[in-house]
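In case you want the letters, here they are:
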Amino acid sequence: MINTQGWVKGLGADLLDKLKGLSKPTHIFLFEAPNWEEGESRDGGWNESDARINTGPGRDRGCEVIKMESAPASSLDSKWSAADLRTLSFVSYFHSIFPALSLSANSPPLSTFAATWDFSLPLISRRPYSVDWTKRVDGKKMIRGAYIIDGEVEFKEILHALNGTIVALVTSTSSFIPAEMPSLSNPFPYSLDAPLPCPSDSNCLGLALIRSIDPTSTSLHFITPLQTSIL
């Protein structure tokens with residue numbers, strides 16, 4: 001069962017086409033667009049094109065399209081756009097306080113539900129964690145590698161690209177060694193050609209906001225709602 005991203009025009013329509021071709025679904029549940037507002041364009045919608053739905057590898061396997069009515073307009077509808085809601089989700093996450101957990105072998109997985117929130121200080125006023133990317137703990141680097149999932153960033157631009165961004169904090173049990181780094185005295189653990197860690201032995205602990213980077217002290221400063229014991 002695949003819950004798609006909901007974009008039905010332009011690039012979103014192209015992504016739906018490719019996803020349909022790769023997954024070869026047996027059924028497609030399609031929410032039909034509500035009544036069009038006056039002056040609104042009807043062109044370019046994936047669910048407006050029978051050719052997009054009824055052709056391709058999925059159709060060859062007898063794909064059944066089930067059209068469903070959209071919910072009617074309501075006074076309870078959110079006044080926020082999808083972009084606003086994503087921003088609010090990030091704000092909520094970084095001000096969250098999660099339940100305390102032990103690090104024992106039998107401890108439950110990390111909770112993704114906040115116990116409460118702390119808005120007493122804005123994020124810019126919070127004291128960040130500081131990690132030296134050249135230091136080692138038990139023979140392992142504190143930061144094993146940085147990875148860009150979508151797009152390519154040259155090594156000389158990686159610190160600029162990471163500064164001020166939201167990143168995932170990922171642990172991995174594999175013996176993965178990044179590709180050879182440029183020969184610098186204190187190289188940042190990033191290589192354009194390094195493969196991503198394997199998902200089967202990786203675990204995302206949570207998100208962090210990189211607030212600043214100090215190349216002179218080889219330190220990366222970040223803010224995260226994760227507990228210090230987890231980090």
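Structure shown above.
First, a word on what this report is: a plain description of the structure on this page. Just so you know, these numbers come straight off a predicted model, no measurement behind them. (Residues numbered from 1 in each chain as written. Predicted model: local features only at pLDDT ≥ 70, side-chain atom pairs only at ≥ 80, totals over all residues. Heavy atoms only, no water.)

**Brief notes about a nonpolar patch on the surface**
- The grouping of W7, L11 and L15 at the surface amounts to a nonpolar patch, some 330 Å² of accessible area in total.
- Looking at the element boundaries, L11 is found in helix α1 (residues 11-23).
- For L11, a relative accessible area of 60% translates into the label exposed. (Patch = residues over 30% accessible without salt bridge, like charges linked within 9 Å, V, L, I, M, F, W, Y side chains within 5 Å. Areas by Shrake-Rupley, 256 points an atom, 1.4 Å probe, with all protein chains shown as cover. Salt bridge = Lys/Arg side-chain N within 4 Å of Asp/Glu carboxyl O. Helix = DSSP H or I, 4+ residues; strand = E, 2+ residues; numbered from the N terminus. Buried < 20%, exposed > 50% of the residue type's maximum accessible area, 1.4 Å probe, protein only.)

**Brief notes about the nonpolar core**
- If you look at the biggest cluster of nonpolar residues, it comprises 24 residues, and the most contacted ones within it are W133, I158, L162, F188, I213, L220 and F222.
- Residue assignment for this core shows that the elements contributing at least two residues are α4 (82-94), α5 (158-162), β9 (202-214) and β10 (219-223).
- Among the elements that take part in this core, β9 stands out by supplying five residues, more than any other. (Core = buried A, V, L, I, M, F, W, Y, C linked by side-chain atoms within 4.5 Å.)

**Examining the packing of aromatic side chains**
- Evaluated as defined, the whole model comprises four aromatic pairs.
- Between Y129 and F222, the aromatic rings sit 5.5 Å apart at their centres with planes inclined by 25°, giving stacked as the arrangement. With Y129 in strand β5 (residues 129-132) and F222 in strand β10, this residue pair connects regions lying 93 residues apart in the sequence.
- Between the aromatic rings of W133 and F188, the centroid separation amounts to 4.9 Å while the plane-to-plane angle is 85°, which identifies the pairing as edge-to-face. Separated by 55 residues along the polypeptide, W133 in the loop between β5 and β6 (136-137) and F188 in the loop between β8 (166-172) and β9 bring together distant segments of the chain. Each member of the pair W133 and F188 is classed as buried.
- Three or more aromatic residues link up through ring pairs in this structure, and these residues are Y93, F94 and F98. (Phe/Tyr/Trp six-rings, centres within 6.5 Å; stacked < 30°, edge-to-face > 60°.)

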